[in-house]
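Examination of the molecular architecture
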Amino acid sequence: MMTGAEMGDKGRRRMATEAIHAGEVHDASGAHISPIYQTSTFTFADMAAVEARAAGESDAYMYSRGGNPGRTALASKLAALEGGGAADVSAEIFASGMSAISAALMGLAKAGDHIVTQQVLYGSADHLISDVLTGFGVSNSRVAGLVPDALERELEQHPETTVVYLETPANPTMAVIDIAATVEIAHAAGARVVVDNTFATPVLQRPLDLGADVVVHSTTKFINGHGTVIGGAVISNDEALMTDEIASLIRYTGGVPSPFDCWLTNLGLKTLPLRMRQHSSNGMAVAQFLEGHPAVAATSYPGLASHPQHDLASRQMDGFGALIAFDLGSYEAASRFLERLELCSLAVSLGNVDTLIEHPASMTHAVVPPEEREASGITDGLIRISVGLEDAADIIADLDQALRV
Ligand code: LCS
């Protein structure tokens, strides 16, 4: 994988620099920080300007559902980070991660097509694929872990597959999928690979470099980082897909973010490389504490040698991030622990500067039927923590006091 340093070696700016400077709008006012263009519509000086736009000779803004300068700025910054500065990578920003995922899947899978996914997915993505898209004639099937032999067999059985969809690390179990191996098999069968990179972010993992066709994000999480916005993104180097499908879907299904939300997300994104380093360092400290605690039955963190895909994660990622899943053995033990916490907040979402902790079976994954939760490893004792940027010792002290019986 290309690291931030290598990006620089190729004559491009390094990631921490791109995060701050890529895509920034510097308009005639001289404002140092990009303005918020809080407007629904844009004026034209005369009909010649209208005609030039209609003829494709100008890319002037016309209406904020179609585009807004702050949205373009955020899209350019995110494309620069996910694409390692490659000029052919572009992004479209959505009003939520779910609207981004919907657009990616609706762009690639039409009635009669099939989607193959791993067993465990974020609850709403799981529901979208298994209960919503099926109503539009798009079928689906699961291959646990997208294990290469099993994936090959599934694709043979479903030659109508157009998309292999995956999350890695997966929400909430932290299962890791081999992106490059999945791409090789999917492409040989004529299917595209869509990777939800929300947990890793481009700082820790860049799926497009590994051959994936599309990256999706819930920018609600680490990209914004401060818990102030719901947002999403689709990023790809497939220009035809981005212009013919994704740009059309955002315009005609209309799931656009507000100018203010784009501005807040752009501001948060500037510190992503710095934040991800500290999230990873705090994540490792908390994972080691949990693994060593007698009340914790199991700890799943890709950075621990005990994680079944630790070697793969070490190859595929540039750090292991903030998310940890751990099991306290029963609903009763989990709920007692969650109610005793003082510093960590009992809340869904993740990737904020604050530590957030939740119970997947009754919160993020309550929409997944119990038998499927069991198949995915989402037990009643499972807890997911998104380790924040507080001092790791204070986070550990809070977990420690809540684990005491
Ligand atoms: N993808 C992943 C991996 C997610 O974790 C989420 C939300 C989404 C997509 C959807 O993004 P949204 O529309 O919410 O921006 N995950 C959540 C979670 O784990 N807790 O609360 C939301």
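Up top is the structure.
These notes cover the structure that comes with them. (Residues numbered from 1 in each chain as written. Predicted model: local features only at pLDDT ≥ 70, side-chain atom pairs only at ≥ 80, totals over all residues. Heavy atoms only, no water.)

On to the sheet that holds strand β12 (residues 382-386). Taken together, five strands build an open sheet; the order of strands is β8-β9-β12-β11-β10 and the sheet is mixed. The open sheet has two free edges, formed respectively by β8 (298-300) and β10 (345-346), since each of these has just one partner strand. Relative to strand β11 (residues 356-358), β10 runs parallel, the two sharing two bridges. What sits directly across from L346, in β11, is I357. Sheet strands in contact with helix α12 (residues 272-291) are β8 and β9 (323-327), and its direction is about 10 degrees off that of β9. (Pairing = 2+ DSSP bridges. Helix = DSSP H or I, 4+ residues; strand = E, 2+ residues; numbered from the N terminus. Contact = heavy atoms within 4.5 Å. Axes fitted to C-alpha atoms, helices over the stretch in contact; angles between N-to-C directions.)

Taken together, the neighbourhood of the ligand is formed by 17 residues, with D196, S218, T220, K221 and R384 sitting nearest. Separating an oxygen atom of the ligand from a side-chain N or O atom of N171 is a distance of 2.9 Å. In isolation the ligand exposes 480 Å². Once the protein is present, 92% of that is buried. In terms of residues, the shell around the ligand owes the most to one element, helix α5 (residues 97-108), which gives three residues. Grouping the constituent residues of the shell around the ligand by class yields five nonpolar, nine polar and three charged. (Near = heavy atom within 4 Å. Polar contact = N/O pair within 3.5 Å; in protein donor to acceptor, adjacent residues only side chain to side chain. Areas by Shrake-Rupley, 256 points an atom, 1.4 Å probe, with all protein chains shown as cover. Nonpolar A, V, L, I, M, F, W, Y, C, P; charged D, E, K, R; others polar.)

Where strand β2 (residues 114-117) meets strand β3 (residues 139-142), four bridges bridge the pair, whose relative direction is parallel. In the strand pairing of β3, H114 is matched with S139. For the crossover that starts at β2, traverses helix α6 (residues 123-132) and ends in the parallel β3, the hand is right-handed. (Right-handed = clockwise from strand over helix to strand, strands pointing away.)

Pairing is mixed in the open sheet, where seven strands are placed in the order β1-β7-β6-β5-β4-β2-β3. Of all the strands in the sheet, the pair left with one neighbour each is β1 (90-94) and β3. Ignoring strand direction, the axes of neighbouring strands in this sheet form an average angle of 20 degrees. Where strand β5 (residues 192-196) lies against strand β6 (residues 214-218), three bridges are found, and the strand directions are parallel. Bridge pairing in β6 places V194 opposite V214. Sheet strands in contact with α6 are β2, β3 and β4 (161-167), and its direction is about 125 degrees off that of β3.

Shape is all these values report; function is a separate question.
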